[in-house]
Amino acid sequence: MRWSASYIPTLKEAPRDAEVISHKLLARAGFIRQLTSGMYTFLPLGLRSLNKVAAIVREEMNRAGALEILMPMVQPAELWKESGRWDFYGRELLRIKDRKDSDFCLGPTHEEVVTDLVRGEVRSYRQLPLNLYQIQTKFRDEIRPRFGLMRCREFVMKDGYSFDRDETGAETSYKAMFNAYVAAFKRLGLDFKPVEADSGSIGGSFSHEFMVLADTGEDTIATCPACEYAANQEKAVSAPVEATQPSPCPPMEKVDTPAQHTVEEVAAFLKTTPQQVLKTLLFEVDGKAVAALVRGDHELNEIKLKNYFDATDIQLASPEQVKEWTKAEVGFAGPAGLKVDTIIADLSLQSGNDWVAGANATDTHVLHLDLNRDCEVDAYADLRNVAAGDPCPRCNTAMELKKGIEVGHVFKLGTKYSKALNATYLDENGKEQVMIMGCYGIGVSRIVASAIEQNNDENGIIFPPTIAPFEAVVISLGGKNKDVDAKAEELYNTMNKLGIDTIYDDRDERPGVKFKDADLVGFPIQIVLGGKGLEKGIVEAKDRRTGEKTELPLENFEQALSEWRAKVWEGWNLEL
Ligand code: ATP
Ligand code: MG
């Protein structure tokens, strides 16, 4: 491709709403343009990168035995009613009507459609296992679309679904997909980590998220620096700390705390620390009033609370409910004398005593609260987010918290959809059995952004060679010297013949402009030919990642370039 014949509208300024570096650079380097909130057009370079990611994902899926199909994006409501998700999925599901007034939705995911397909096709155990995937545009009406390609409403996903005869088969499929993901993300040059993720009430380690480590990530991961343990904060646990026998404390006593609502305010007002204050959070869990207690410096984890009750619906109590249950304004709830269905406390509250808590009276707290003496706690459970420094559940080492971007997710579904949609087969004995499913997603468009979050500098993008829209750019500094242009064009043709996807910057622009654009777009390899170089018989090769420049001989160019290119790939830990 010649630069002059392509469309690469680079910009000096990033759009004003661009908060993260990948969004800024994708816009500035001419990869994407916004249509409206959470929806982007991929310009020629953007589409090239997207296609390169998709191609690698496709290759690894095929290698693992998955079969590519393409399902409709618009899905009939009936299927979603059959699975129960029509009412459950919420407002991320964009619902539409056709001309006959029938309900449809834009597919945010395809469990229903693929299960419907398979139940119509598979009769016998001989047809299983089956693993089907597609690479397709998804629509989710995200509440907060942001960060450019990271959280869109319309985005490209690889979604795959496995169907097995039994648990053993399902685990084999899961592992095959897990390994295929590792292979794909490695080839994409990402610094990633598979982490254990929440799998709702299924339990076990049958859900892993693949996280690209980056400060702009929306997920928090707890990792152990000493062993392999890594888990999404939604699910991470810490080693149980031995409950110590709390020392007795003085009798409970009420104190005035006018207008002191938050833990910090109360702690400061009463001259104590947040560690001594109890947070009492009120929820409605499947219609029941629940108070959840955590230490003031800890964060309640709603997913753990939900899983504890195996609940389908959990909501923070409304201000009206809080007032009704506590007989006080919001902010003064406490466990002593509280009339709710269940009081549940975090494990860490088994150690320690002499708490400060709300008194269930406006502008009032209590001092010297003893959970055993002064109230009825129904159960202690792990209810909080792991904090930095908590002991690793496997080896007790202090854990670290890191930010990550979720680029992939593997999940053992079990029979959730196959049961609901009646996807069964006949086993060896002619007995009807429900298929065991797994689902596997990769955020294809999100990966382009993630790679940039991990690799950039003040000059622009630094693309891994496997994601770059072109692996190399040939820059001619010919100016008026037509011999230079002719030679540069020859190099460009040679490189493409060698299988190096190369663009030729043939524009009539100043060298500075060409260098700046090449750095901004982030081509991993820059080949620069000028008049002096041509005279001396050399061309300059720049590695965008390291910034290192090397002179390659024009004579024997092919071999010299191939050897040098191999080093560039090696620097990325990538195999050519
Ligand atoms: P998240 O927690 O980020 O919302 P999710 O759990 O909803 O992700 P899945 O349903 O597992 O995501 O989708 C599979 C993959 O699709 C994710 O791992 C992610 O890479 C990608 N993805 C999900 N939502 C978006 C989005 N709004 N924009 C871009 N990519 C997305
Ligand atoms: Mg989501």
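Whatever comes next refers back to the structure up there.
Residues numbered from 1 in each chain as written. Chains lettered and ligands numbered in written order. Predicted model: local features only at pLDDT ≥ 70, side-chain atom pairs only at ≥ 80, totals over all residues. Heavy atoms only, no water.

1. Details of the side chain of His-365
Going by this rule: Helix and strand definitions here come from DSSP, where helices need a minimum of 4 consecutive H or I residues and strands a minimum of 2 consecutive E residues; each element is numbered from the N-terminal end. Exposure classes here rest on a 1.4 Å probe applied to the protein chains alone. A residue is buried below 20% of its type maximum, exposed above 50%, and partly exposed in between. Side-chain atoms alone can form a polar contact between residues adjacent in sequence; in general such a contact is a pair of N or O atoms within 3.5 Å, and within protein one must be able to donate a hydrogen while the other accepts it. Residues are treated as being in contact if the distance between any of their heavy atoms lies within 4.5 Å.
When you line up the elements, His-365 lands in strand S19 (residues 364-369). Judged by its relative accessible area of 4%, His-365 falls in the buried class. At 2.7 Å, the side chain of His-365 forms a polar contact with the side chain of Thr-257. Once residues lying within four places of it in the same chain are set aside, the contact partners of His-365 are Glu-253, Lys-254, Val-255, Thr-257, Gln-260, Val-266, Gly-331, Phe-332, Val-356, Ala-357, Gly-358 and Ala-359.

2. A word on the pattern of salt bridges
Quick reminder of the rule: Salt bridge, as used here, is a side-chain nitrogen of Lys or Arg placed within 4 Å of a carboxyl oxygen of Asp or Glu.
Considering all chains together, one arrives at 35 salt bridges under this definition. A salt bridge links Arg-119 to Glu-82; the shortest N-O distance between them is 2.7 Å. With Arg-119 in helix H5 (residues 111-121) and Glu-82 in helix H3 (residues 77-83), this residue pair connects regions lying 37 residues apart in the sequence. Under the relative-accessibility criterion, Glu-82 is labelled partly exposed at 37%. As a salt-bridge pair, Asp-457 and Arg-544 come within 2.8 Å of each other at their nearest N and O atoms. Here Asp-457 is found in strand S25 (residues 456-457), whereas its partner Arg-544 is found in the loop between strand S30 (538-543) and strand S31 (549-553), with 87 residues between them in sequence. Since its relative accessible area comes to 24%, Asp-457 is described here as partly exposed. One connected set of salt bridges, linked through shared partners, spans Glu-59, Glu-60, Arg-63 and Arg-187.

3. Some words on the pairing of strand S14 (residues 278-285)
We count it as follows: Each pair of strands is called paired provided DSSP finds at least two bridges between the two strands.
Across eight bridges, S14 lies against strand S15 (residues 288-295) in antiparallel orientation. Its bridge partner lying in S15, Val-285 is registered against Lys-288. Between S14 and S15, which pair antiparallel and follow one another directly, the connecting turn spans two residues, one of which, Asp-286, has a positive phi of 45°. In this sheet, strand S16 (residues 314-316) lies alongside S14 in antiparallel orientation, the contact comprising three bridges. Looking at the pairing, Phe-283 lines up with Leu-316 of S16.

4. So, helix H16 (residues 557-571)
In plain terms, the rule: Take the number of residues in a helix, subtract one, and multiply by 1.5 Å to get its expected span. Think of the arc as the fan of directions from the helix axis to the C-beta atoms.
Given a rise of 1.5 Å per residue, 15 residues ought to cover 21 Å, and the 21 Å separating the end C-alpha atoms of H16 matches this to within 8%. All buried positions along H16 are accounted for by Phe-557, Ala-560, Leu-561, Trp-564, Arg-565, Val-568 and Trp-569. Looking straight down H16, one finds its buried side chains confined to an arc of 170°; they lie on one side. For H16, the exposed residues set more than 90 degrees away from the buried face come down to Lys-567 and Glu-570. Of the surrounding secondary structure, the elements contacted by the buried residues of H16 are helix H13 (482-497), strand S29 (525-529), S30 and S31. At the C-terminal side of H16, Asn-573 shows a positive phi close to 60°.

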